[in-house]
Amino acid sequence: MTAQTHWQAWHEPYADASSPLSRRLRLVQQHIASWLDGRPDGRLTVVSACAGQGHDLIGVLASRSDAQRVHGTLLEYDAGNVTAARAAADQAGLSKMVIRQADAGQLSSYAGAVPADLVLMVGVFGNISDADVEQTIAALPRLCAEGATVIWTRTRRDPDLTPAVREWLRDAGFVEQAFHAPDDVRFAVGVHRFEGPPRPLDPPGAVFTFPAQ
């Protein structure tokens, strides 16, 4: 039997509906569902960086009658999480969902998946260096279609980086739509709309390094 990796074990708190991770997930899912409701017509593209087992996007689409209009790409490096995400997508009948085992810190991993209408940066900013967070935000216009939405999360452990994250997003051409920072937990969830001009994905390169554990 293959030993469970750190990134697979990271998902275990989802089993407790009252855990901070589950609460954060519900907030993210609510914003994904609201975004879909606000875009009722036509084909939509979604890309999720460091997608884990895909609970956020797959969890929403599994219960929607319009799921097939969503073309999603989930980028996840951990092989066990990729297997779990693919099984969940198959069980939900999401035939237009691509789960790609790839390093989401490399821009080349997004080829063919962007520009996207929705970019999920969930569980990313809290696991990379502050400098990489800033660099990743500066690169987001290269992932976004015109008018795209970005949903992101970040822990507010001291020193709290979320004020800087919001400022960097503003500088990159994003307008804040929502920001959740509950008093009794340390997580934050942000939703931003891209109001700047889309940029080409090239040249390739690394924008962040996700730690291997």
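These lines cover the structure that appears in this document, whether it is placed above or below. (Residues numbered from 1 in each chain as written. Predicted model: local features only at pLDDT ≥ 70, side-chain atom pairs only at ≥ 80, totals over all residues. Heavy atoms only, no water.)

Strands sit in the order β3-β2-β1-β4-β5-β7-β6 across an open sheet of seven strands; the sheet is mixed. The outermost strands of the open sheet, each flanked by one partner alone, are β3 (97-101) and β6 (174-180). In this sheet, neighbouring strand axes are inclined to one another by 15° on average, regardless of whether the strands run parallel or antiparallel. Of the pairings in the sheet, the one linking strand β1 (residues 44-48) to strand β4 (residues 116-121) comprises three bridges and is parallel in character. Across the sheet, valine 46 pairs through a bridge with leucine 118, a residue of β4. (Pairing = 2+ DSSP bridges. Helix = DSSP H or I, 4+ residues; strand = E, 2+ residues; numbered from the N terminus. Axes fitted to C-alpha atoms, helices over the stretch in contact; angles between N-to-C directions.)

Now for helix α6 (residues 162-171). All of the buried residues in α6 are Thr162, Ala164, Val165, Trp168 and Leu169. For α6, the angular spread of buried residues about the axis comes to 155°, placing them on one side. Of the residues in α6, the exposed ones pointing more than 90 degrees away from the buried face are Pro163, Arg170 and Asp171. If you follow the buried residues of α6, they end up packed against α5 (130-139), β5 (144-155), β6 and β7 (187-194). Glycine 173 occupies a position one or two residues after α6 and carries a positive phi of about 100°. (Buried < 20%, exposed > 50% of the residue type's maximum accessible area, 1.4 Å probe, protein only. Arc of directions from axis to C-beta. Contact = heavy atoms within 4.5 Å.)

Turning our attention to the pairing of β6. Pairing of β6 with β7, which is carried by six bridges, proceeds in the antiparallel orientation. Residue pairing across strands places valine 175 opposite arginine 193, the latter belonging to β7. In this antiparallel pair of consecutive strands, β6 and β7, the connection spans six residues.

This next bit is on the pairing of β1. Side-chain direction in a regular strand flips from residue to residue, so the side chains alternate between the two faces of the sheet. Most of β1 is tucked away, with five of its five residues classed as buried. Inspection of the sheet shows β1 paired to strand β2 (residues 70-76) by five bridges, in the parallel sense. The residue of β2 that forms the bridge with serine 48 is leucine 74. Read from β1 through helix α3 (residues 55-61) to β2, the crossover connection turns out right-handed. (Right-handed = clockwise from strand over helix to strand, strands pointing away.)

In terms of nonpolar packing, the biggest core is built from 36 residues, with Tyr110, Val119, Met121, Phe125, Ile137, Leu140 and Leu143 touching the most fellow members. Put simply, the parts of the chain that give this core at least two residues each are β4, α5, β5 and α6. What valine 119 contacts, discounting residues up to four positions off in sequence, is Val47, Leu140, Leu143, Cys144, Thr149, Val150 and Ile151. Listed in part, the 30 residues of the second largest apolar core include Ala51, Ile58, Val60 and Ala85. (Core = buried A, V, L, I, M, F, W, Y, C linked by side-chain atoms within 4.5 Å.)

A few words now on the pattern of salt bridges. Counted under the stated rule, the structure contains eight salt bridges. Across the salt bridge formed by aspartate 66 and arginine 69, the nearest N and O atoms sit 3.1 Å from each other. Between glutamate 195 and arginine 193 there is a salt bridge, and its shortest N-O distance comes to 3.0 Å. Using a relative accessible area of 47% as the deciding quantity, one classes glutamate 195 as partly exposed. Here the residues in one salt-bridge network are Asp37, Arg64, Asp66 and Arg69, joined through shared partners. (Salt bridge = Lys/Arg side-chain N within 4 Å of Asp/Glu carboxyl O.)

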